[in-house]
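This is what each chain is made of:
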Amino acid sequence: GGGQVAMWREYLAVFPRGQFADDAHAGLCAQGPAAALDACWREYLERHPRGAHRAQAEAALAAAEAGDP
């Protein structure tokens, strides 16, 4: 929930390219507001093009483009 999101934001503020930045960024996208979902996942793919959550990001963007909630 909110505490985890705050932790990810704080981690990324201190360690934007840290060991867990990939997971932290994906966590923000997964827990973030629906209105910001597309932008978050696009930014994730730009920062982590071979990231562990790439498939999840691509699927979320494809669903958004297809008009799926």
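Residues numbered from 1 in each chain as written. Predicted model: local features only at pLDDT ≥ 70, side-chain atom pairs only at ≥ 80, totals over all residues. Heavy atoms only, no water.

Draft legend 1. How the structure looks around the packing of aromatic side chains. Within this structure, the stated rule accounts for three aromatic pairs. Centre to centre, the rings of Y11 and F15 are 5.3 Å apart; their planes meet at 40 degrees, and the pair counts as tilted. One aromatic cluster is present, built from ring pairs that chain together Y11, F15 and F20. (Phe/Tyr/Trp six-rings, centres within 6.5 Å; stacked < 30°, edge-to-face > 60°.)

Draft legend 2. Broad picture of the pattern of salt bridges. On inspection of all chains with the given rule, the structure shows three salt bridges. The shortest N-O distance in the salt bridge between E65 and R42 comes to 3.8 Å. Pair noted here: E65 is in helix α4 (residues 54–66) and R42 is in helix α3 (residues 37–47), with a separation of 23 residues, a long-range link. For E65, a relative accessible area of 61% puts it in the exposed group. R47 is the partner of E43 in a salt bridge, and the nearest nitrogen-oxygen pair spans 2.9 Å. Separated by four residues within a single helix, E43 and R47 lie in helix α3, roughly one turn from each other. On the basis of relative accessible area, E43 is assigned to the partly exposed category, the value being 32%. (Salt bridge = Lys/Arg side-chain N within 4 Å of Asp/Glu carboxyl O. Helix = DSSP H or I, 4+ residues; strand = E, 2+ residues; numbered from the N terminus. Buried < 20%, exposed > 50% of the residue type's maximum accessible area, 1.4 Å probe, protein only.)

Draft legend 3. Broad picture of the layout of surface pockets. By volume, the largest pocket is sized at about 220 Å³. Along its surface, the largest pocket is lined by 15 residues, and R9, H25, L28, C40 and E43 are the ones closest to its centre. Contributing elements (two or more residues each) for the lining of the largest pocket: α1 (2–14), α2 (21–31) and α3. Classifying every residue of the lining of the largest pocket gives nine nonpolar, three polar and three charged. (1 Å grid on protein atoms, 1.4 Å probe; cavity = no way out; pocket = protein on both sides within 12 Å on 5 of 7 lines; lining within 4 Å. Points joined across faces, edges and corners; volume = space filled by probe spheres on them. Nonpolar A, V, L, I, M, F, W, Y, C, P; charged D, E, K, R; others polar.)

Draft legend 4. Looking closely at α2. Counting buried positions along α2 gives eight out of 11 residues, so the element sits mostly inside the fold. Along α2, the positions that sit buried rather than exposed are A21, D22, A24, H25, A26, G27, L28 and C29.

Draft legend 5. Fine view of the environment of D23. If you trace the backbone, D23 turns up in helix α2. D23 sits in the partly exposed class, given a relative accessible area of 40%. Residues D23 and H48 lie 25 residues apart in sequence; the distance between their C-alpha atoms is 9.9 Å. Among the polar contacts listed, one links the side chain of D23 to the side chain of H53, at a separation of 2.6 Å. (Polar contact = N/O pair within 3.5 Å; in protein donor to acceptor, adjacent residues only side chain to side chain.)

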